[in-house]
Amino acid sequence: SQTIHQWPATLVQPVGSPLSLECTVEGTSNPNLYWYRQAAGRGLQLLFYSVGIGQISSEVPQNLSASRPQDRQFILSSKKLLLSDSGFYLCAWSVSLGSNQPQHFGDGTRLSIL
Amino acid sequence: GQQLNQSPQSMFIQEGEDVSMNCTSSSIFNTWLWYKQDPGEGPVLLIALYKAGELTSNGRLTAQFGITRKDSFLNISASIPSDVGIYFCAGLQGAQKLVFGQGTRLTINP
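All figures in this text were calculated on a predicted structure; none of them were measured in a lab.

K.L.:
Sorry, what's going on with the overall build of chain B here?
P.N.:
Scanning chain B from terminus to terminus reveals zero helices and 11 strands. Starting at the N terminus and walking to the C terminus, you meet the elements of chain B as β-β-β-β-β-β-β-β-β-β-β. Here the C-alpha radius of gyration of chain B, 13 Å, is about what a compact globule of 110 residues would show, namely 13 Å. Across its three principal directions, the C-alpha atoms of chain B cover 40 × 30 × 20 Å. In chain B, which comprises 110 residues, the proportion classed as buried is 44%. Intrachain contacts of chain B at a sequence separation of at least 6 include 53% that bridge at least 24 residues. Summed over its atoms, the accessible surface of chain B is roughly 5000 Å², and 51% of this surface lies on carbon and sulfur atoms. With 7 positive and 8 negative side-chain charges, chain B shows a separation of 13 Å between the mean positions of the two kinds.

K.L.:
Explanation requested: unusual backbone geometry in the structure shown.
P.N.:
Most peptide bonds take the trans form, and the phi angle of most residues other than glycine is negative. Following A:Trp7, the chain continues into A:Pro8 via a peptide bond in cis, with omega recorded as 0°. Position of A:Pro8 among the secondary structure elements: in the loop between strand S1 (3-7) and strand S2 (10-13). Of the consecutive residues B:Ser7 and B:Pro8, the connecting peptide bond is found in the cis state with omega at -5°. You can see B:Pro8 is positioned in the loop between strand S1 (5-7) and strand S2 (10-14). Even without being glycine, B:Arg69 reaches a positive phi, approximately 65°. Following the sequence through the fold, B:Arg69 ends up in the loop between strand S7 (61-65) and strand S8 (71-76). A relative accessible area of 32% places B:Arg69 in the partly exposed class. Located in the positive-phi region is B:Ala78, a residue other than glycine, with phi close to 50°. Take B:Ala78: its relative accessible area is 36%, and that puts it in the partly exposed class.

K.L.:
Even after reading the chapter, I still don't get the nonpolar core, so can you show me in this structure?
P.N.:
Side chains that are nonpolar tend, in soluble globular proteins, to be buried together. Among the nonpolar cores identified, the biggest contains 22 residues, and B:Trp32, B:Trp34, B:Leu74 and B:Leu106 are the most heavily contacted of them. Within the residue set of this core, elements represented by two or more residues are S2, strand S3 (19-24), strand S4 (31-37), strand S5 (44-49), S7, S8, strand S9 (85-93) and strand S11 (104-109) of chain B. Discounting residues that sit within four places of it in the chain, B:Leu74 has contacts with B:Val19, B:Ser20, B:Met21, B:Trp34, B:Leu46, B:Ile47, B:Leu61, B:Thr62, B:Ala63 and B:Tyr87. Among the nonpolar cores identified, the runner-up in size contains 20 residues, and A:Leu47, A:Phe48, A:Cys91 and A:Trp93 belong to it.

Calculation rules
- Residues numbered from 1 in each chain as written.
- Chains lettered and ligands numbered in written order.
- Predicted model: local features only at pLDDT ≥ 70, side-chain atom pairs only at ≥ 80, totals over all residues.
- Heavy atoms only, no water.
- Helix = DSSP H or I, 4+ residues; strand = E, 2+ residues; numbered from the N terminus.
- Rg over C-alpha atoms; globule rule 2.2 N^0.38 Å.
- Buried < 20%, exposed > 50% of the residue type's maximum accessible area, 1.4 Å probe, protein only.
- Contact = heavy atoms within 4.5 Å.
- Areas by Shrake-Rupley, 256 points an atom, 1.4 Å probe, with all protein chains shown as cover.
- Lys, Arg positive; Asp, Glu negative; His and termini not counted.
- Charge placed at Lys NZ, Arg CZ, Asp CG, Glu CD.
- Core = buried A, V, L, I, M, F, W, Y, C linked by side-chain atoms within 4.5 Å.

Here it is in C-alpha cells:
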C-alpha cells in the first residue's frame, strides 16, 4: 500500500532563517505531488504541485519554493522566512494516470516563526 | 482564490444524533471529495464522488454529488465520539487542482 511521510512534525524557526520541509511517498511510481498550507481553523490552500521530476507549478506568489529532485520526493523551501509563513503545511499525493484522482495527505508540519 | 461554500461552520450535537453538512459552488466540479481532519493531523479521505447524482456510502457516512455538479452533501448517521473533528468538502477541477471548503467543525456531547 502507499504511504506518505512528512518531516519534521513541528518546527520553530526565527524570522529570516531558511526552511526545508521534506515529503516522500512510498508504494507508487510517478505520483502527482502537492504542497498545501492551512491557516488555523481554515481550509487548505494549494501552494505547489508537481507532475514529474523537476516539474513544479506554483499556485500563489509567495516567499516559498518547491523542488522535486526524485520521483517520490517533494521539498518545500524558503531562503528567508517571514512571520506570515507560520502555518500548518501539508504534503499530498495522487495517482497520475487518468483524471479525477483523489489526493491523499501526510500528517503535516506545524511551522512557527518567531 | 476560489473556495467552496461549506455549511454549517460548526455543529454541536448529542451522541447518537444524525449530522448533515453541505457544500455549494458557483463552478462545476468533475469530482467531489469529503475529508475528515483530526487535530494535528492531515485530512483523511472519507468519500469520493465521480458522477452527478451519485450517492455513495461508507459505513455510517453517506454523500451525494449534486445533479448540477455544483454541490454535495455529507450525512453521518448515529454519531459517535470518534466522529469529532473537522470535515472538509473539496472539488476537483481538472487533474490537479483541488479546491477546499472552509470546513465544518463537529463537536459531540456524550
